[in-house]
Amino acid sequence: MLVVGAGPTGLLLAAELQRRGVPTLLIDARAQALHWDRATVIHALSLELFEALGLEEAFLAAGCRQRRLLIHAEGRRLGEVDLAGSGSRYGFNLGLSEEVTESILTGHLERHGGSVQRSCRLQGLQPHDGGVTATIACGEQEQTVEARWLVGCDGLRSTTRELSGIGFEGHAIPRAWAVFDAVVEGWADTYEANAAYLDTSPLILTALPGQRWRVYMRPATEQSDLVSEATAALRRYLPSARFHDVENPSRFHCHTRVASVFRAGPVFVAGDAAHVCSPAKGHGLNCGLQDAANLAWKLALVHHGVAGPALLDSYEQERRPVAEQVTRSSDAADQAQLLERSGERAARDRVIAAMLADPASRAQEAVAEAELNVNYAGSAITAGSEKPPLGAGQRLPTTIALPPGAGAAHLHQLTHRRGHTLLLLAGPEADPEALAELRAQLKEADTAASRLVEAVESIRLEESSGLGLGPLTLLAVRPDGFIGLRADTDHREALGQYRQLVLGR
Ligand SMILES: Cc1cc2nc3c(=O)[nH]c(=O)nc-3n(C[C@H](O)[C@H](O)[C@H](O)COP(=O)(O)OP(=O)(O)OC[C@H]3O[C@@H](n4cnc5c(N)ncnc54)[C@H](O)[C@@H]3O)c2cc1C
């Protein structure tokens, strides 16, 4: 397996492949990782993924919590979203600079026997029946590498995408962005927050460890002094505010684009190579991590001969719609920041204030911010009931709230696996003997044929009314934490059909 590009997407993908016993060559054109990098916001869905890999403690220790999103305009606070209500056990974003994310993922890769081959640039690729021949320049030397599959995680200007003739449709975002890190003197509010100021010179502060902020802004001109401009914008709210210990002020340009396909024969694209969006909502890195989590287990099953190659078609089918949704919503947020006419701005602020005043809309916003609205229902490899809250295609929630008085069922530790987990949810009326028998049958059915399932677990729910479950409900939870199958009856047959869908046999 050849993975091109050791940003967050390539690092996670290579580590996930190595963890599953797939020897992977990961190359990067740069001689060293960037010492300061772009993204600061890690959403709850990514934190859940890190937990499944045993990395959550490293991330939580390194980052800071961004629990509240404070939205301002025209000199006043329009309202806020509290991510504690997102439905994840991580009720916050994690504030962490991207180079630290990369260094934790590099350690994870190395623990699984992988490494990054640096100063190695992909220059050519030739697909053929058995895979792909890649030409790589490593320093002065040119080499060819034979790989069954190649995944381009090589960012916005992806060589992989270009050499494969994959289109990258969309547009450039006309107004520049800029960024710097600093301390805000005079800050009077919580540091567990991100704060947006939607004035004519828009400003977004995202919290970093050590009570520092990464300051994102839309500079008025190509030459303006970034810190002076940001100070003037913030002083409308905090008259004594001053930025100091400023680091890395820089301007940059963004795009909104999605690759026309995510796969061309033996070549895939993932992360920024497959989709880029405005950083207005901080989804780019997170989306790349989810691409990697989606693709790794599928490639591993195909590599080990457990599944047929048709399984790999589900990668684009599941991830491209997510990329389109994320680029659309990021574009909408980007454009809303930049409205110039006062009437339009006032109308926008009324809509935001009304949304933030309504608990249901606020909760929806928290779910979207946490990326917990990602759903693969309708994918060719999901089967069974799609009924929420535990429908096929949905992410397995970390906790299910049971009816009043019955507490909650904690599910997060059940899916820390490389393979599928079968989860039997037994309602109060379920017969314990029938449950034990079904568990044994399911184990046997899986191991008798080629092995898809790593573990069979069951949970007794003291009360399950209102959850819409059968007396015994079977979930097949995929290694990326999404529910592939839900069956309320005829569990064995349903599992048999699901196995056929995934394994292509
Ligand atoms: C200012 C800014 C702020 C952002 N904030 C956020 C945020 O808060 N949250 C968020 O989720 N996202 C954010 N993003 C987006 C996020 O930074 C990117 O989505 C993320 O870096 C993409 O990771 P990646 O691994 O896909 O690609 P990259 O990080 O771009 O990595 C690509 C790698 O490929 C290598 N490479 C390129 N060409 C070749 C080649 N031919 N051969 C070998 N190697 C090659 C490069 O050297 C590089 O290391 C932000 C972006 C910007 C610009």
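Residues numbered from 1 in each chain as written. Predicted model: local features only at pLDDT ≥ 70, side-chain atom pairs only at ≥ 80, totals over all residues.

*Asks:* Teacher, can you tell me more about the overall build of the protein here?
*Replies:* Counting secondary structure elements, the protein contains twelve helices and 29 strands. For 505 residues, the compact-globule estimate of 2.2 N^0.38 gives 23 Å, and the protein sits close to it at 24 Å. Principal axes of the C-alpha set define a box for the protein whose edges measure 70 × 65 × 40 Å. Across the 505 residues in the protein, those meeting the buried criterion constitute 46%. For the protein, contacts bridging at least 24 residues in sequence account for 71% of all contacts bridging at least 6. (Helix = DSSP H or I, 4+ residues; strand = E, 2+ residues; numbered from the N terminus. Rg over C-alpha atoms; globule rule 2.2 N^0.38 Å. Buried ≥ 20, exposed ≤ 12 C-beta atoms within 10 Å, placed from the backbone. Contact = placed C-beta atoms within 7 Å.)

*Asks:* Which parts of the structure should I look at to understand the domain arrangement of the protein?
*Replies:* A common measure of how large an interface is: the accessible area buried when the components associate. Considered domain by domain, the protein is made up of domain 1 (2–39 + 97–169 + 257–336), domain 2 (41–46 + 61–96 + 174–253 + 339–374) and domain 3 (383–503). When each unit is reduced to the centre of its C-alpha atoms, the spacing between domain 1 and domain 2 is 29 Å. Facing 14 residues of domain 1, the contacting portion of domain 2 comprises 15 residues. Every element with two or more residues in the side of domain 1 that touches domain 2 is listed here: helix 4 (98–111), helix 7 (284–303) and helix 8 (313–337). (Domains from an automatic or database assignment.)

*Asks:* What am I meant to see in the sheet that holds strand 22 (residues 275–276) here?
*Replies:* The pairing of strands in a sheet comes from backbone hydrogen bonds and takes either a parallel or an antiparallel form. Read across the sheet, three strands follow the order 13-19-22 without closing on themselves; strand pairing throughout is antiparallel. What marks the edges here is a single partner per strand, and that holds for strand 13 (168–172) and strand 22. Sheet strands touched by helix 8: strand 13, strand 19 (255–259) and strand 22. Its angle to strand 19, the strand with the most contacts, is close to 165°. (Pairing = 2+ DSSP bridges. Axes fitted to C-alpha atoms, helices over the stretch in contact; angles between N-to-C directions.)

*Asks:* Help me understand the site of the ligand, please; the structure alone is not making it clear to me.
*Replies:* Around the ligand, the structure places 33 residues, and the nearest of them are G5, G7, G155, G271 and G284. When the residues that make up the shell around the ligand are grouped by side-chain class, the tally is 13 nonpolar, 13 polar and seven charged. Counting the residues that make up the shell around the ligand, at least three belong to each of domain 1 (2–39 + 97–169 + 257–336) and domain 2 (41–46 + 61–96 + 174–253 + 339–374). (Near = placed C-beta within 6 Å. Nonpolar A, V, L, I, M, F, W, Y, C, P; charged D, E, K, R; others polar.)

*Asks:* Mind showing me how you'd approach the packing of helix 7 against helix 8 here?
*Replies:* In helix packing, the relevant descriptors are the interaxial angle and the interaxial distance, both defined with respect to the helix axes. Relative to each other, helix 7 and helix 8 sit at 170°, their axes nearing to 10 Å. Looking at the two axes, helix 7 sits roughly antiparallel to helix 8. From helix 7, C287, D291, N294, L295 and K298 reach across to helix 8, where they touch S314, Y315, E318, R319, V322, A323 and V326. Counted by class, the contact of helix 7 with helix 8 contains six nonpolar, two polar and four charged residues. (Parallel < 35°, antiparallel > 145°, perpendicular 65-115°, else oblique.)

*Asks:* Would you mind showing me how to read helix 9 (residues 342–357) here?
*Replies:* Two residues of an α-helix separated by three or four positions point the same way, owing to the 3.6 residues in each turn. Taking 1.5 Å per residue, 16 residues should reach 22 Å; helix 9 reaches 22 Å between its end C-alpha atoms and fits that length. Burial analysis of helix 9 places just zero of its 16 residues in the buried class, a small minority of the element. (Expected span 1.5 Å × (residues − 1).)

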